[in-house]
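The primary structure of each chain is shown beneath.
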Amino acid sequence: MGVAGVAAEGHGGIDALSQFKLEPVFGQLGESLHISQANVMMTVASGLTLLLMWVGMSPRAMIPGRLQSAAEMAYETVMNLCVEQIGEEGKKFFPFVFTLFFFILFGNLMGVFPLFFTFTSHIAVTLGLSLFVFCLVTFVALKEHGMHFFSYFVPKGVPVVLLPLMVVIEVISYLSRIISLSVRLFANMMAGHVMLEVFAGFVVMLGMAGGIFFVPAALSLSVNVVLIGFELLVASLQAYVFAILTCIYLHDAVHLH
Amino acid sequence: MREEPGGPDGSFEERLKAARGRRGLDGPAKPKGFNPNGIESSPMGIGLRVGIELVAALVVAVAIGYGLDWLFGTRPILTAVFVPVGGAAGVWNVWRVFAPKSG
């Protein structure tokens, strides 16, 4: 977030999109292995998730401390999500949903801190995640129901004349899950960071103008403070939405409707 | 000692529940059948959601139409056929999200 784009104000105008540019890290080695900030941040996000569970659960205390409470709450929240949305079979998918939720959550939350990179603001990442979810859901549905799965695309109570049209619409609607799932996360994260960048740009530009312009500069700064809080909300909410939609799709796959 | 609600002979669960109630730890019970659509209930959230659903279906439909056209060399007929179908699928998506639960 932030720093690179604000530093680039010199040539006039606000460069709000350069913050999403991928740069090779770790010098020569990173360049030849194509390691960018996104890869590093993904590793950090996975590491933080592991650390939360590992360090949090290591005391195994009867009365949990703060970190252990956090770890237990994380487990229980996702477990409840699986069982409530998918049903008893949902327990099978708990590891998957847990991994997905915390990977996205830590990715989103880390982006709020300066000098970190939000890998979920790249459509390549979110599309990859949603394609994986889509393939898994389809695979589960085929495994559970075999060829009967295709009855999912035939809505009940539709006149025979309209049936071919409805089947095509259902198939398109099913496929559009890939796009809607990925674009929702990507758009929310990108929009938030662009807004932060734009208002940070205002602060710098108006602040440099001096005099009376300090007033709108201070206003922009306070807007940015509010936006950071809003970003924290959006970060958690979008991770939750991604997880809950995955659960709803898995419910459809397990129960067909 | 003061008499506990649920009595001293009440089960541990009962006494715990009573104690939690006194401290106000339980809060109102969560409504059963939590509606996932409620989490994005701000006007902007709803708008974004509807927009994404509409556009996503259209994008998929155009991609299918364009791909089939490329396959059969019939451009632009199938793309033109799939655009309204994609629009319909988008509306269908939105209806599925916001349909009243009774239906």
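Thresholds applied
- By convention here, each chain's residues receive numbers from 1 onward along its written sequence.
- Numbering of ligands from 1 and lettering of chains from A proceed in the order in which they are written.
- Predicted model: local features are reported for residues with pLDDT of at least 70 only, side-chain atom pairs are reported and counted for 80 or more only, and whole-chain, interface and lining totals are derived from all residues.
- Note: side-chain values were computed over all heavy atoms of the structure, leaving out hydrogens and water.
- Secondary structure elements are defined from DSSP: runs of H or I of at least 4 residues count as helices, runs of E of at least 2 residues count as strands, and each element is numbered from the N terminus.
- Under the scheme applied here, a residue whose accessible area is under 20% of the maximum for its type counts as buried, over 50% as exposed, and between as partly exposed, the area being computed with a 1.4 Å probe on protein chains only.
- Contact criterion: two residues are considered in contact whenever any of their non-hydrogen atoms come within 4.5 Å of each other.
- Note that accessible areas follow from Shrake-Rupley with a 1.4 Å probe, and for residues the cover is restricted to the protein chains shown.
- Given the number of residues in a helix, its expected span is that number minus one, multiplied by 1.5 Å.
- In these notes, a set of buried Ala, Val, Leu, Ile, Met, Phe, Trp, Tyr and Cys residues joined through side-chain atoms within 4.5 Å is what counts as a nonpolar core.
- Each patch is built from residues that are more than 30% exposed by relative accessible area and take part in no salt bridge. Like charges join if they lie within 9 Å; nonpolar side chains (Val, Leu, Ile, Met, Phe, Trp, Tyr) join within 5 Å.
- Salt-bridge detection follows one rule: a side-chain nitrogen of Lys or Arg within 4 Å of a carboxyl oxygen of Asp or Glu.
- The predictor's confidence in any single residue is recorded as pLDDT, a number from 0 to 100.
- The term buried area means the drop in 1.4 Å probe accessible area that two parts suffer when joined, counted for both and summed.
- Polar contact criterion, stated in full: a pair of N or O atoms within 3.5 Å, where within protein one must be able to donate a hydrogen and the other to accept it, and residues adjacent in sequence count only if both atoms are side-chain atoms.
- Side-chain rings of Phe, Tyr and Trp (the six-membered ring for Trp) are treated as a pair once their centres are within 6.5 Å; stacked means planes under 30 degrees apart, edge-to-face means over 60, and tilted covers the remaining angles.

When helices and strands are tallied, chain A shows eight helices and zero strands. When the helices and strands of chain A are listed from N to C terminus, the series reads α-α-α-α-α-α-α-α. With respect to the three principal axes, the spread of C-alpha positions in chain A is 70 × 60 × 40 Å. Burial status across chain A gives 43% buried among its 257 residues. In chain A, 68% of the contacts between residues at least 6 apart in sequence involve partners at least 24 apart. With the model as given, the accessible surface of chain A reaches about 13200 Å², and the carbon-plus-sulfur share is 76%.

A separate point is the overall build of chain B. Tallying secondary structure elements over chain B gives three helices and zero strands in all. Scanning chain B from its N terminus toward the C terminus, one meets helices and strands in the order α-α-α. Relative to its full complement of 103 residues, chain B shows a buried share of 25%. Total accessible area computed for chain B in this model is approximately 7300 Å², and 68% of it derives from carbon and sulfur atoms.

Before going further, it helps to spend a moment on helix H5 (residues 94–110) of chain A. In this model, H5(A) (17 residues) spans 24 Å end to end at C-alpha, consistent with the 24 Å of a helix rising 1.5 Å per residue. Across the 17 residues of H5(A), 14 count as buried, placing the element largely inside the fold.

Of all hydrophobic cores here, the largest spans 52 residues; its most connected members are Val78(A), Val97(A), Phe102(A), Phe119(A) and Phe242(A). Ile169(A), Ile172(A), Val60(B) and Val85(B) belong to the second largest nonpolar core, which has nine residues in total.

All names here are of chain A. A rise of 1.5 Å per residue sets the reference length of helix H4 (residues 66–86), with its 21 residues, at 30 Å; its end C-alpha atoms lie 30 Å apart and thus fit the reference within 8%. Among all positions in H4, only Gln68, Ala71, Ala74, Val78, Met79, Leu81, Cys82, Gln85 and Ile86 are buried. Packing partners of the buried residues in H4 comprise helix H3 (37–57), H5 and helix H8 (214–255). A positive phi of about 105° marks Gly87, the residue just after H4.

Assignment of secondary structure puts Val91(B) in helix H3 (residues 77–98). The exposure class of Val91(B) is exposed, given its relative accessible area of 52%.

Moving on, we get to a nonpolar patch on the surface. Residues and elements named next belong to chain A. The grouping of Leu48, Leu51, Trp54, Val55 and Leu67 at the surface amounts to a nonpolar patch, some 510 Å² of accessible area in total. If you tally residues by element for the nonpolar patch, the top one is H3, at four residues. Take Val55: it is sitting in helix H3.

Here we take up the pattern of salt bridges. According to the stated counting rule, one finds six salt bridges over all chains in the structure shown. Salt-bridge contacts for Glu170(A) lead to Arg96(B); the nearest nitrogen and oxygen are separated by 3.5 Å. Of the two residues, Glu170(A) is situated in helix H7 (residues 163–209) and Arg96(B) in helix H3; the pairing between them involves two chains.

Okay, the confidence of the model for chain B next. All names here are of chain B. Confidence in the prediction for chain B averages 78 pLDDT; 71% of positions are at 70 or higher. Note on residues 29–36: pLDDT is under 50 here. Beyond four places in sequence and across chains, it has seven contacts. For this predicted complex, the interface confidence comes out at an ipTM of 0.76, alongside a pTM of 0.81.

This part takes up the interface of chain B and chain A. On the side of chain A, 22 residues touch chain B, which itself brings 22 residues to the contact. A buried area of about 1900 Å², summed over both sides, lies between chain B and chain A, and 72% of it is on carbon and sulfur atoms. Counting across the interface, chain B meets chain A through two salt bridges. The closest approach of N and O atoms between Arg184(A) and Glu53(B), which form a salt bridge, is 3.4 Å. Connecting chain B to chain A are five residue pairs in polar contact (both at pLDDT 80 or more).

Before going further, it helps to examine the side chain of Thr126(A). Mapped onto the elements of the fold, Thr126(A) is located in helix H6 (residues 123–145). On the basis of relative accessibility, which here comes to 0%, the residue Thr126(A) falls in the buried class.

On to the packing of aromatic side chains, then. Two descriptors summarise a pair of aromatic rings, namely the distance from one centre to the other and the angle between the planes of the rings. Residues and elements named next belong to chain A. Under the definition given, this model contains 18 aromatic pairs over all chains. The interplanar angle of 85° and the centroid separation of 5.6 Å between the aromatic rings of Phe199 and Phe202 together place this pair among those described as edge-to-face. Of this pair, Phe199 and Phe202 both sit in helix H7, three residues apart, which is roughly one turn of the helix. Phe199 sits in the partly exposed class, given a relative accessible area of 22%. With a relative accessible area of 33%, Phe202 lands in the partly exposed category. Through successive ring pairs, a cluster of aromatic residues spans Tyr75, Phe94, Phe98, Phe101, Phe102, Phe106 and Tyr240.

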